[in-house]
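Summary of the model geometry
Given next are the chains, with one letter for each unit.
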Amino acid sequence: QQQVKQSPQSLIVQKGGISIINCAYENTAFDYFPWYQQFPGKGPALLIAIRPDVSEKKEGRFTISFNKSAKQFSLHIMDSQPGDSATYFCAASNRPGSNSGYALNFGKGTSLLVTP
Amino acid sequence: DAGVTQSPTHLIKTRGQHVTLRCSPISGHKSVSWYQQVLGQGPQFIFQYYEKEERGRGNFPDRFSARQFPNYSSELNVNALLLGDSALYLCASSTRQGASDEQFFGPGTRLTVL
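Description of the structure in this document.

Cut-offs used in this document
Residues numbered from 1 in each chain as written. Chains lettered and ligands numbered in written order. Predicted model: local features only at pLDDT ≥ 70, side-chain atom pairs only at ≥ 80, totals over all residues. Heavy atoms only, no water. Disulfide = S-S within 2.5 Å. Helix = DSSP H or I, 4+ residues; strand = E, 2+ residues; numbered from the N terminus. Buried < 20%, exposed > 50% of the residue type's maximum accessible area, 1.4 Å probe, protein only. Contact = heavy atoms within 4.5 Å.

All right, on to the state of the cysteines then. For the structure shown, the criterion picks out 2 disulfides over all chains. Sulfur-sulfur distance for the disulfide between C23 of chain A and C90 of chain A comes to 1.8 Å. Every disulfide takes its handedness from the sign of the S-S torsion; for C23 of chain A and C90 of chain A that torsion is -95°, giving left-handed. Here C90 of chain A lies in strand β9 (residues 86-92) and C23 of chain A lies in strand β3 (residues 19-25), a separation of 67 residues in the sequence. The buried category is assigned to C90 of chain A, whose relative accessible area is 0%. There is a disulfide in this structure between C23 of chain B and C91 of chain B, and the S-S distance comes to 1.8 Å. Every disulfide takes its handedness from the sign of the S-S torsion; for C23 of chain B and C91 of chain B that torsion is -60°, giving left-handed. Here C23 of chain B is found in strand β3 (residues 19-24), whereas its partner C91 of chain B is found in strand β9 (residues 87-94), with 68 residues between them in sequence.

A word on the side chain of Q48 of chain B. Note on placement: Q48 of chain B falls in strand β5 (residues 44-50). Not counting residues within four places of it along the chain, the set of residues in contact with Q48 of chain B comprises Y102 of chain A together with S31, V32, S33, E53, E54, R55, G56, Q97, G98, A99 and Q103 of chain B.

Written out as structure tokens, the structure reads:
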């Protein structure tokens, strides 16, 4: 059972545009929400992460928006560049101490293509 | 500094065989996690080891096992390989146990089962 649902599956954005990827979850025990970026032939790399005590976190061109009541969070990439073309994964985890606290639960991924 | 390293890079096996995948964490990291990534899907959690003890296990059959050595490197073993085991196997290391600490992923081992 997919604990984190991600959309869209693929996304094409023009250079300079805004890329938006959305995720939803059901488990209210989740308390850590990272976004990972994966290039072909590489492992995922942490891009930005948020905890549910804040509604937004910004790092450079990347922003996470978090809506606790709706159990949704999203990644916004401002001024998208061709070098941002990659697969993006949202994920969620519990605190350590429960068995599920040791696992990152990933979405299925969004393939982003930024055209010149 | 070296990142997480995994070996081998690619591996081809036939059904019923056994495979051992290896992972060396970033220096100073005591936690190692294993994930399976099927083509077109997100990684699925298999195990986490911290200080040489299993701390978490995902929903995988007993054919999957792992261990962590005193130097914190780790092995993932898969017995009686099935076609469905074909995937990219990722290792991730972190300083602390749990998944809320930044996980640093290696490049993975691509396993093909024929």
